[in-house]
Amino acid sequence: MPMLLKKLNDRYTITIITFFLIIAIIIFRLASIMIVEGETYRELAENRIFKSIPLSAPRGEIRDRYGRLLAGNRPSYTIQIMKNEIVDEKINEVALNIIHILELNEDRYNDEFPIVINEEGEYVFIFDEEVEAWKRANELQDVETAAEAFFIIAEAYKLKEIEDWMILHGLQDVGQAAKVFALWVHDENHQDEVNTLGYDVQQQLIQHLSIPISIRTWKFTEQMKKENWLESHRITELDISAEDAFFDVRDNIYKVPADHSLADARKIMVIREQLRKQGYLQYQPVRIAYDISRESVVQIEENIMDLPGIRVDVEPIRYYPEGQTAAHILGTLGKISQQSEIDRFINELGYAPGDIIGKTGVEHKFEEYLKGKDGYQKVIVDSKGRLIEVLEKVDPIPGNTLYLTIDLNLQKKTEESMKDVLETVQVGGVYETQWGSNRLVGTSGPMKNATSASTVVTDVHTGELLALANYPSYDPNLFATGISMTDWQSLIPENERDLLAPRPLTNIALSTAIQPGSTYKMIVGLAALEQGLSPNYRILDRGFIQIGGHSFGNWRWNMYRTTSGYQNMYEAIADSNNFYFYSLGTGRDYGANRNLPVPMNVDKMIDYTLRFGLDERTGIEIDVPRERSGGVPSLESKTTTIKALLRRHLTRLITLDDLDETKVEVNNETIDGIIEEIVGWTEENPSRGVLYNRIVDLGIKSDKANLYTDIVKYNYFIQAEWSTADTMNFSIGQGEHSYTPIQMTSYMMILANGGYRYQTSLLNKIQSNDGEVILESPPELIERIPLNDYKNLEHINRGMYEVSTGIGTARNYFNRFPIDVAVKTGTAQRSGKIPPLDEVEYLRKHFGNFGVNEAAVEAKMQEMKEENPNDVMYKDDIFVMREAIKKLNPRIKNVDLDKFKEDYGNYAWFTGFAPYENPEIAISVLIFQGGSGGYGAPVFREIVAEYMGLNLEGDEKTNVMGNYMTR
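Residues numbered from 1 in each chain as written. Predicted model: local features only at pLDDT ≥ 70, side-chain atom pairs only at ≥ 80, totals over all residues. Heavy atoms only, no water.

With an unreviewed UniProt entry as reference, the chain is termed Penicillin-binding protein 2, source organism Alkaliphilus peptidifermentans DSM 18978. Looking at the Sequence similarities (unreviewed entry) heading of the UniProt record, one finds this comment for the chain: "Belongs to the transpeptidase family." (UniProt positions renumbered as here; feature names shortened; annotations may be inferred.)

Draft legend 1. Structural detail: the side chain of T414. Position of T414 relative to the elements: it lies in helix α18 (residues 408-427). Look at T414 and you get buried, because its relative accessible area is 0%. If sequence neighbours within four positions are ignored, T414 has contacts with T455, V457, A467, A469 and I943. (Helix = DSSP H or I, 4+ residues; strand = E, 2+ residues; numbered from the N terminus. Buried < 20%, exposed > 50% of the residue type's maximum accessible area, 1.4 Å probe, protein only. Contact = heavy atoms within 4.5 Å.)

Draft legend 2. Molecular detail of the sheet that holds strand β18 (residues 465-471). The five strands lie next to each other as β18-β17-β31-β30-β29, forming an open sheet whose pairing is antiparallel. Each end of this open sheet is capped by a strand with a single partner; those strands are β18 and β29 (822-828). Each adjacent strand pair in this sheet contributes to an overall mean axis angle of 10°, direction not counted. Running over the sheet, helix α37 (residues 937-947) touches β17 (453-459), β18, β29, β30 (907-914) and β31 (921-927) and is turned about 150° from β31. (Pairing = 2+ DSSP bridges. Axes fitted to C-alpha atoms, helices over the stretch in contact; angles between N-to-C directions.)

Draft legend 3. View of the side chain of K521. By secondary structure assignment, the location of K521 is in helix α21 (residues 521-530). Salt bridges are absent for the buried K521, whose nearest opposite-charge side chain, D575, sits at 8.6 Å. Apart from the residues within four sequence positions on either side, K521 is in contact with S576, N577, N578, F581, S731 and I732. (Lys, Arg positive; Asp, Glu negative; His and termini not counted. Salt bridge = Lys/Arg side-chain N within 4 Å of Asp/Glu carboxyl O.)

Draft legend 4. Just the pattern of salt bridges, in detail. Per the stated rule, a full pass over the model turns up 54 salt bridges. Note that E132 is salt-bridged to K135, the shortest N-O span being 3.8 Å. Residue E132 and its partner K135 are located together in helix α5 (residues 126-137), separated by three residues, close to a single helical turn. Judged by relative accessible area, which is 29%, E132 ranks as partly exposed. Here E858 ties to R844 by a salt bridge, and the two come within 2.9 Å at their closest N and O atoms. Here E858 is found in helix α34 (residues 854-867), whereas its partner R844 is found in helix α33 (residues 839-845), with 14 residues between them in sequence. Ionic contacts of the salt-bridge type, sharing partners, join the residues R497, E839, R882, D898 and K901 into one network.

Draft legend 5. Expanded view of the environment of T709. The topology assignment puts T709 in helix α29 (residues 702-720). Taking the C-alpha atoms as reference points, T709 and L793, separated by 84 residues in sequence, lie 50 Å from one another. Apart from residues lying up to four places away in sequence, T709 is in contact with R688, L691, Y692 and I695. At 2.6 Å, the side chain of T709 and the backbone oxygen of A705 are in polar contact. (Polar contact = N/O pair within 3.5 Å; in protein donor to acceptor, adjacent residues only side chain to side chain.)

So this is what it looks like as structure tokens:
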């Protein structure tokens, strides 16, 4: 016993005993847990799953100036897959099951796998289909490179920059020019030139159609996406067929068993493609379907045990309660797709790959303010996904609220009246409201092609935008979760070749710059007043002015062979008297055949045009689409154009046989030098005799020199000078002027407010979710335009007031209206023919008129195609058919081929401000192919009535009118 006690007192022994005792306790407890309580803990383990669930933040609201909702959010069912909760062995089965449920209930799901199997069983890249569809729509099926396609379509739209470039380089054939352009985009010596040209042209083309071509790489954007996709799936052969790529990805990337049907294999890859895009973000849910039906939700919940990793969540999605109202202001949403978007939003700002972002309008401009901060909750759920316990929750923070300057009610009235007026104009009907009844039809009959229009309304004292409407419009709800192909196609014009066809996605107010017509006359009048002309100075209208071979007539003379007699400035503005403003612009009183008592010329008109900011953007906070800056004509631009045309003509004209071998070497370099020398004399414009001698001295044979002297002198040098005819066109708003509706409204605002030029703005303030104002946007005064006497504006405004009264061109629209207004009508000329939907069918229909028959045309077309196998233009049936007809009947010219097409109608402007005294709002209305500027008057009138509260009922209306009368 003592020995035992001694051992027990030994420290080492105690340690051993303690150790075994602990082991025994642990073994006993484990046995108890595994044997006695095993079933209980097994059930807990199987039915308690820890999850971290992201909570999507609502996008910030957009409201009007009075807090009325323009863009909010509504709850919707979203299907998500948690990548970390699903094992590879189950993913294929889950993918098929979830897609089966969605298809059964006709719910859309995100399908971003870019290879499809068509009805013929062919494998096709979606990227290639997109490019081919665009080519077909623009009749470029046989064009191979993006650069060629870009050039040809730009030339088809008759863009001046393209024509000047061809002239500059002596290129006459479009097909050849396109090939040169395509070669130069990869030539270091010409890259800067063609890239600059490409950018300038692109800015104009996007007004009319979508251009899926990158100016940076000169590739189709879909081609770039295809290359990126192939590389990301470890396919190095970029010209691989869609079928080979399909099986390569199926077998080597996703390892889908071959016993699945091809249709099922693709459905599996649709889901796995989205999971793959998520990359290493295992705990971020992948949304595979938005806004699904209640039926799908029920079926998913019933089968949740067979759908591991699948979660149905209620998430906010964008909702526009007013539908199409203010669509071009609000803009569109879409998925992150472009590389620039990936770089900025995913890589730089931490967005998830599946996030929706603003693409256009204020949704795009203020994306980072509108984007909320997602929250999360850590929870315990059972095996069926049912919530057991919330461990932690961080609520999402909604995005900031944008308060815009627009007035929702005024915006609605603007859109409503514009639509109603257009529909009335198209049939030549009567537009009637309590403020007037007007038959909207002229001598040329109903304007059935008046299918597009734009109206802008601003506050004259702040520059704040009160309404901006374009017709036709679109419903931004279509873009809330990514637009479907069917919906997208519905927004594309049926005839894309028709430049003025209705385009719902086009923001006409910002993107379309055209001549102002007679609405420009106020600037001419103001310039003359500033030089000291009395507004009471009277000019006798003699009907027309003859300048060389051109006759410049007043509208009364042109239509009725009558004149307006003597008129002062007020009367001339009211009557829109061209004769009066021809005289002002040129500084010559043609009625009295003497100079005006003050100096006037085109330089002074340009000066005052620039003072009104018509060569600059207004500054409205919309980046996409980019606001056009418009264009004030200049003397230099005309000379540059004439020189380019001359260079092109001489390149085509002078041959090696024209050179005098006793004076110069006979080669093409000599011809190029002669041409540049002659073009360099344009500004000098030497006399005919001097010019002839110089051309002979350059080495041109004398007989040819005589011919070329007349061509150069009379067709080009004389035309290069700014002429009286150019000044006359300038003075009535025709010629090379080009301004947007929003610019024109800014111009009216400056007239109305005493010369103050404000930046046009649509943002009032941005407010955080807790009510804190984080950004305010007060009115920004750019300047008070410099004038010698600001009272001269009052004379101009009086003339505009008289447009709506007395002899004014808009008097019939305001004779029942209780508010005095200052307005101006204008017509901008639009030449050209409307391309038919099917040009080939149009030509066939008129073979008899062209003196040819179908068999001969078909044979000639085949012959011409065989003679020009490498010329891209000869792959275009329209081009070849037109050329074949001209070959068969040399008397037929292009103008003859187009003579049976319908003419484009003129643009119609109606601009002004109201009330006349104490102005508050400025308005510009533009109607495409509206014929007469007066047709915009009812739109103007109804907007003023709404703004002034005339449409209110009872006492409210009485109070408003009483307040107005006492102002």
